[in-house]
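Given next are the chains, with one letter for each unit.
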Amino acid sequence: MAKWWKEAVVYQIYPRSFCDTNGDGIGDIPGIISKLDYLKALGIDVIWLSPIYASPNVDGGYDISDYRAIAPEYGLMEDFEQLLHEAHMRKIRIIMDLVVNHTSDQHEWFIQSKSDRENPKRDWYIWRDSFEGREPNRMESVFSGSAWAFEPLSGQYYLHLFANEQPDLNWENPEVRSAVFDTMRWWLDKGIDGFRMDVINLISKPTEALSVDGGMGGNCVNGPKVCEYLREMHREVLSKYDIMTVGETPGVSPFNAIQYSSLDSGPLNMVFQFEHMDIDAGPYGKWTTNKYTLPELKRVLSKWQTELEGQAWNSLFWGNHDQPRVVSRFGDTSSVEFWNKSAKMLATCLMMMKGTPYIFQGDELGMTNLDIHELSEVRDVETLNAYRDLVESKHIYSHNEMMECIRKAGRDNARSPMQWDAGMNAGFTLGVPWLHVNGNYDSVNAEMQINDPSSVFCYYQKLIQLRKQVPVIISGRYELLLPDDDRLFAYKRTEDDNVLLVICNFSNCCFKNNEIFNLLPRQAELLISNYDDRTDSIRPYETLVYIGK
Ligand code: TEU
Ligand code: CA
């Protein structure tokens, strides 16, 4: 059956960094409203709004203190309602971030829960006694250090898989689930179009993970009752609305993904898997200067294309607010020419695959990793905690080594302000931006690109249009070609007798490759390319998409 979310292109907005209208250096909802025409021109169908709820902002708003209030720095509830209205007038849908694995420690629920052991909200969070005078077990937080924090008021430890200020909710408690479902209905009744669900496969903690010999945070992914809770959520809430849902699910296998989002009966429409984001991980996870290899990237992405075929729907993304910039990571920023070509090539490679594409704000301009000079410029809690852990406590990296890792993988890379024009602060704010603007804004910005047919922006526009015009892009089967080639990422999409051939050169080399051109479909027509002319070679970062029979 045709589902609108299969044909949609989603654009992720990180509100803090999108557009500031009142000069406090923080993006806001009126700023988003002012850019809806820009988004309409790009051609996207859905906005995924990262959290805009009341929050002490320890973790960029992923620590929510009131699920039904807008953070004052972003605006009023009326501003949000106006945003929704203005978006809908332009036929743009809005999905919200649902962050319910944990709350902020400033949420009223937690304030109650921690106040004493007899409080009715005590069991809404996960409390344990100390073990032999220390933490209940050795479980580690995703953001470094123990996953347990001591609460002196009531003399027990609470579980936090992320920052100390993000206590995990106890989903075992039916009152918690029903409070979450109420909140979801409340937003859906306002007219929003769905949810992106933060770490939704972490909500069920295996008993062993919480026991005295429980291990690492990783033990909490895909816990025993995730499916049960999601089915309940679907029955109680999701099934009653025409919406889209995408679960953020680190550590899923295709098997898990199909359980969560199978085409016929899955509680969610799709999930974000992260296997391709982890191919350059090292012994200390993302904090490494390891390089990825192209055959591995192809293997991982193709595995997901193939294994979900006919079973579940893929979400397609190169990055988000937690990842470095795609063109810095998989492309080439060593020259203007390579930057432009590789940004377009990467967009093609992703958007011609099967699934729903997600564009992170600024990627449509080819925005690059932030120029981080000093540790004092860093704002992200994950990065700062990791620095303390790996440099100061464990002496694993020197300052300079860690700075190199941070420049490569730190979350601030993608969170720097949107580059709207070449004016002060890239047109993001008239005040002091909460995180500095990338120094390259005079050459990478929206104003320069919107009317320049050779720009990254205009190329994204074209790709998005193609997805609307060429059905095989939405529904064709995927097949990887030349799996071992370490320069070309090439694949085919086929449906009935329609064939799409996608060729992407991930290298800065120019070479001949007859093998690939021998695979051209019959009556091949060039649909899109990032060079103006054709030669018999494949040039640096060249991409070519042919359609035929
Ligand atoms: O991210 C979950 C998650 O797995 C990330 O912590 C990821 O491993 C890491 O950021 C990679 O560097 C979600 C949100 O997207 C993230 O912004 C939040 O900090 C996190 O949940 C906690 O809510
Ligand atoms: Ca503002």
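Residues numbered from 1 in each chain as written. Chains lettered and ligands numbered in written order. Predicted model: local features only at pLDDT ≥ 70, side-chain atom pairs only at ≥ 80, totals over all residues. Heavy atoms only, no water.

### Here's the deal with the overall build of the chain
Here is step 1: The number of helices and strands found in the chain is 19 helices and 18 strands.
Here is step 2: A compact globule built from 549 residues would reach a C-alpha radius of gyration of about 24 Å, and the chain, at 23 Å, matches this within 12%.
Here is step 3: Seen through its C-alpha atoms, the chain measures out along the principal axes to roughly 75 × 50 × 50 Å.
Here is step 4: Burial analysis of the chain (549 residues in total) assigns 61% to the buried set.
Here is step 5: Counted over contacts in the chain with a minimum sequence separation of 6, partners at least 24 positions apart contribute 69%.
Here is step 6: Only carbon and sulfur atoms are counted for the fraction: they give 48% of the accessible area of the chain, which is about 21,000 Å². (Helix = DSSP H or I, 4+ residues; strand = E, 2+ residues; numbered from the N terminus. Rg over C-alpha atoms; globule rule 2.2 N^0.38 Å. Buried < 20%, exposed > 50% of the residue type's maximum accessible area, 1.4 Å probe, protein only. Contact = heavy atoms within 4.5 Å. Areas by Shrake-Rupley, 256 points an atom, 1.4 Å probe, with all protein chains shown as cover.)

### Digging into the pairing of strand β2 (residues 46-49)
Here is step 1: Across the two faces of β2 the burial is the same, with Val46 and Trp48 and Ile47 and Leu49 all buried.
Here is step 2: As paired elements, strand β1 (residues 10-13) and β2 share four bridges and run parallel to each other. Each bridged residue has a counterpart across the sheet, and for Ile13 the counterpart in β2 is Leu49.
Here is step 3: When β2 meets strand β5 (residues 93-98), the two strands line up parallel, connected through four bridges. By the bridge assignment, Val46 is partnered in β5 with Arg93. (Pairing = 2+ DSSP bridges.)

### A short note on the sheet that holds β5
Here is step 1: A barrel is described by the order of its strands in space; here eight strands give the closed sequence β1-β2-β5-β9-β10-β11-β12-β13, paired in parallel fashion. Each neighbouring strand pair of the sheet contributes to a mean axis angle of 25°, computed without reference to strand direction.
Here is step 2: Bridging between β5 and strand β9 (residues 194-197) involves three bridges; their strand directions are parallel. Residue pairing for β9: Met96 is matched across the bridge by Phe195. (Axes fitted to C-alpha atoms, helices over the stretch in contact; angles between N-to-C directions.)

### Points about the site of ligand 1
Here is step 1: Asp59, Asp198, Lys286, His321 and Asp322 are the nearest of the 18 residues found near ligand 1.
Here is step 2: His102 places a polar side-chain atom, nitrogen or oxygen, 2.9 Å from an oxygen atom of ligand 1.
Here is step 3: The separation between an oxygen atom of ligand 1 and a polar side-chain atom of Glu382 is 2.9 Å. (Near = heavy atom within 4 Å. Polar contact = N/O pair within 3.5 Å; in protein donor to acceptor, adjacent residues only side chain to side chain.)

### Remarks on the sheet that holds strand β8 (residues 156-159)
Here is step 1: The sheet built from three strands is open, its strands ordered β6-β8-β7 with antiparallel pairing. Since the sheet does not close on itself, it has two edges, and those belong to β6 (127-128) and β7 (148-151), each with one partner.
Here is step 2: Pairing of β7 with β8, which is carried by four bridges, proceeds in the antiparallel orientation. The partner of Glu151 across the bridge, within β8, is Gln156.

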